[in-house]
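# Coordinate inspection notes
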Amino acid sequence: MVEFWWTYVWPTAIIVLEVVAILVPLLTAVAYLTYVERKVMGAMQLRKGPNVVGPFGLLQPIADGMKLFFKETVIPSGANPVVFVIAPMLTFILALIAWAVIPFGEGMVLADINVGILYLFAISSLGVYGIVMAGWASNSRYAFLAAVRSGAQMVSYEISIGFIIITVLLSAGSLNLSDIVLAQKTVWFFIPHLPMFVIFLVSILAETNRSPFDLPEGESELVAGFFVEYSAMTFAMFFLGEYANMILMSALATVLFLGGWLPPVDMVPFTWVPGPIWFCLKIALVLFFFLWVRATFPRFRYDQLMRLGWKVFLPLSLVWVVLTATVLQYAGWAQS
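The rules behind these values
Residues numbered from 1 in each chain as written. Predicted model: local features only at pLDDT ≥ 70, side-chain atom pairs only at ≥ 80, totals over all residues. Heavy atoms only, no water. Helix = DSSP H or I, 4+ residues; strand = E, 2+ residues; numbered from the N terminus. Rg over C-alpha atoms; globule rule 2.2 N^0.38 Å. Buried < 20%, exposed > 50% of the residue type's maximum accessible area, 1.4 Å probe, protein only. Core = buried A, V, L, I, M, F, W, Y, C linked by side-chain atoms within 4.5 Å. Contact = heavy atoms within 4.5 Å. Salt bridge = Lys/Arg side-chain N within 4 Å of Asp/Glu carboxyl O. Phe/Tyr/Trp six-rings, centres within 6.5 Å; stacked < 30°, edge-to-face > 60°. Expected span 1.5 Å × (residues − 1). Axes fitted to C-alpha atoms, helices over the stretch in contact; angles between N-to-C directions. Parallel < 35°, antiparallel > 145°, perpendicular 65-115°, else oblique. Left-handed = near helix turned anticlockwise from the far one by under 90°. 1 Å grid on protein atoms, 1.4 Å probe; cavity = no way out; pocket = protein on both sides within 12 Å on 5 of 7 lines; lining within 4 Å. Points joined across faces, edges and corners; volume = space filled by probe spheres on them. Nonpolar A, V, L, I, M, F, W, Y, C, P; charged D, E, K, R; others polar. Patch = residues over 30% accessible without salt bridge, like charges linked within 9 Å, V, L, I, M, F, W, Y side chains within 5 Å. Areas by Shrake-Rupley, 256 points an atom, 1.4 Å probe, with all protein chains shown as cover.

### Here we look at the overall build of the protein chain
- Along the backbone of the protein chain there are 11 helices and zero strands.
- Listing each helix as α and each strand as β along the protein chain from the N terminus yields α-α-α-α-α-α-α-α-α-α-α.
- The C-alpha radius of gyration computed for the protein chain amounts to 21 Å, which stays within 12% of the reference 20 Å derived for 336 residues, consistent with globular compactness.
- In terms of its C-alpha atoms, the protein chain occupies a principal-axis envelope of roughly 70 × 65 × 45 Å.
- Of all 336 residues assigned to the protein chain, the portion counted as buried reaches 46%.

As structure tokens, then:
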């Protein structure tokens, strides 16, 4: 019995505790990111934002969550009920399980696999299915058109993101996310790859359907987009999945370009700050970029969106891959 406990039960309990230690702060961050977004946009637009529910409006996310939890889930009579319910669950679950390979600090990762970046590729490529399923299962023309838009948009910008990540992988020489962070001890990759860092930031806006690339959610022409028929907790899961994806993409940008948990090289007095704190601060910086862009730029037209992805970002990222490979190959010859 003791051997069974130490062999099976105890390791399983440790894994469950690690998962909980990741998911609870993540879900809390997702809830309060909605509050921060409304506060930041309020400040940029010279208004207050949430300020009634609780001190400084801090209980507003809890009030919103309770409202959605107690509302009735309405399924349209012409919808496919099974796919209709599975779609938001798929979107939400995919946004959470991707965190299994994200390193928060040295040795602080749930699954330190050697092909962590391929795992993230696989998870992110599945994200479009939840939106397409929701648009099809809703039996609504508005929702279906939004789903088609989103599918084309996400596939288009995933290609550019893939080429950008390849340049980082060439520079780091590894597919392991922890190794990619450690390869930035001397210089963070956003410095030698600054053009790709800028393109990556713009591409993750399109990948997460955020303004100014929120064409699948265009209220002016699609009422609300692919979730127009959703209500209560099914709508909440789409909402939470979008914000969880924002945090995930910010974490990926931090790992690939901003040195992960590593402190800035020149800030020697601050090296005592724990790595996870640096990691969270960098994520917050990228998230502020998301909010800043939403409060600043108008929505693109769909033809502008696709032209930017296929005629600008794709050629630039492909050329940068060739340049990076050439420079690294030349540097290898010079050293030998």
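### Quick notes on the nonpolar core
- In terms of nonpolar packing, the biggest core is built from 67 residues, with Trp99, Phe200 and Leu256 touching the most fellow members.
- When residues of this core are assigned to their parent elements, the largest contribution, 13 residues, is made by helix H9 (residues 232–257).
- Sequence-distant contacts of Leu256, that is, excluding residues within four places in its chain, are made with Ile117, Ile165, Val168, Ile180, Gln184, Phe189 and Phe200.
- Grouped together as the second largest cluster of nonpolar side chains are 15 residues, Val83, Ala87, Ile131 and Ala224 included.

### Observations regarding the pattern of salt bridges
- Tallying each qualifying case throughout the model produces seven salt bridges.
- Glu37 is the salt-bridge partner of Arg294, the closest N and O atoms lying 2.7 Å from each other. Pair noted here: Arg294 is in helix H10 (residues 275–296) and Glu37 is in helix H1 (residues 2–44), with a separation of 257 residues, a long-range link.
- Residue Glu37 is classed as buried on the basis of its relative accessible area, which comes to 2%.
- For Asp214, the salt bridge identified is with Arg299, shortest N-O distance 3.0 Å.

### Considerations on the packing of aromatic side chains
- Tallying each qualifying case throughout the model produces 16 aromatic pairs.
- Taking 6.2 Å as the distance between ring centres and 70° as the angle between the ring planes, the aromatic pair formed by Tyr32 and Tyr35 counts as edge-to-face. One end of the pair, Tyr32, and the other, Tyr35, are both in helix H1, three residues apart, so they sit about a helical turn from each other.
- Here Tyr35 falls in the buried class, since its relative accessible area comes to 10%.
- With a centroid separation of 6.1 Å and an interplanar angle of 85°, the aromatic rings of Tyr157 and Phe313 are classed as edge-to-face.

### Thoughts on helix H3 (residues 81–97)
- With 17 residues, H3 extends 25 Å from end C-alpha to end C-alpha; this agrees with the ideal 24 Å at 1.5 Å per step.
- Every buried residue belonging to H3 is among Val83, Phe84, Ala87, Pro88, Thr91, Phe92, Leu94, Ala95 and Leu96, and all of these are buried.

### Looking at the packing of helix H4 (residues 116–137) against H9
- Remark: H4 packs on H9, axes separated minimally by 13 Å, with the N-to-C direction vectors making an angle of 155°. Compared by their axis directions, H4 and H9 come out roughly antiparallel. As H4 runs across H9, the sense of the crossing is left-handed. Contact residues: H4 offers Ile117, Leu120, Gly130 and Ala134, while H9 offers Phe238, Leu252 and Leu256.

### Some thoughts on empty space enclosed by the protein
- Using the criterion set out here, one finds one cavity of 30 Å³ or more in the structure.
- Taken as a whole, the largest cavity holds about 30 Å³ of empty space.
- Of the residues contributing to the lining of the largest cavity, the split by class is six nonpolar, three polar and one charged.

### Examining H10
- For H10, with 22 residues, the first-to-last C-alpha span of 32 Å sits near the 32 Å given by 1.5 Å per residue.
- Within the sequence span of H10, burial applies to Gly275, Trp278, Phe279, Lys282, Ile283, Val286, Leu287, Phe290, Leu291 and Val293.

### Some remarks on unusual backbone geometry
- A positive phi is found at Leu46, a non-glycine position, where the angle reads about 60°.
- With respect to the helices and strands, Leu46 occurs in the loop between H1 and helix H2 (60–70).
- Of note in the backbone geometry, Ala232 takes a positive phi value of approximately 55° without being a glycine.
- Counting through the fold element by element, Ala232 comes out in helix H9.
- For Ala232, a relative accessible area of 2% puts it in the buried group.

### Side note on a nonpolar patch on the surface
- Residues Leu59, Ile62, Met66, Phe69, Phe70 and Met233 make up a contiguous nonpolar surface patch of roughly 620 Å² in combined accessible area.
- The greatest single-element share of the nonpolar patch, amounting to four residues, is contributed by H2.
- With respect to the helices and strands, Phe70 occurs in helix H2.
- The exposed category is assigned to Phe70, whose relative accessible area is 63%.

Remember that the coordinates give geometry; whether it matters functionally is a separate question.
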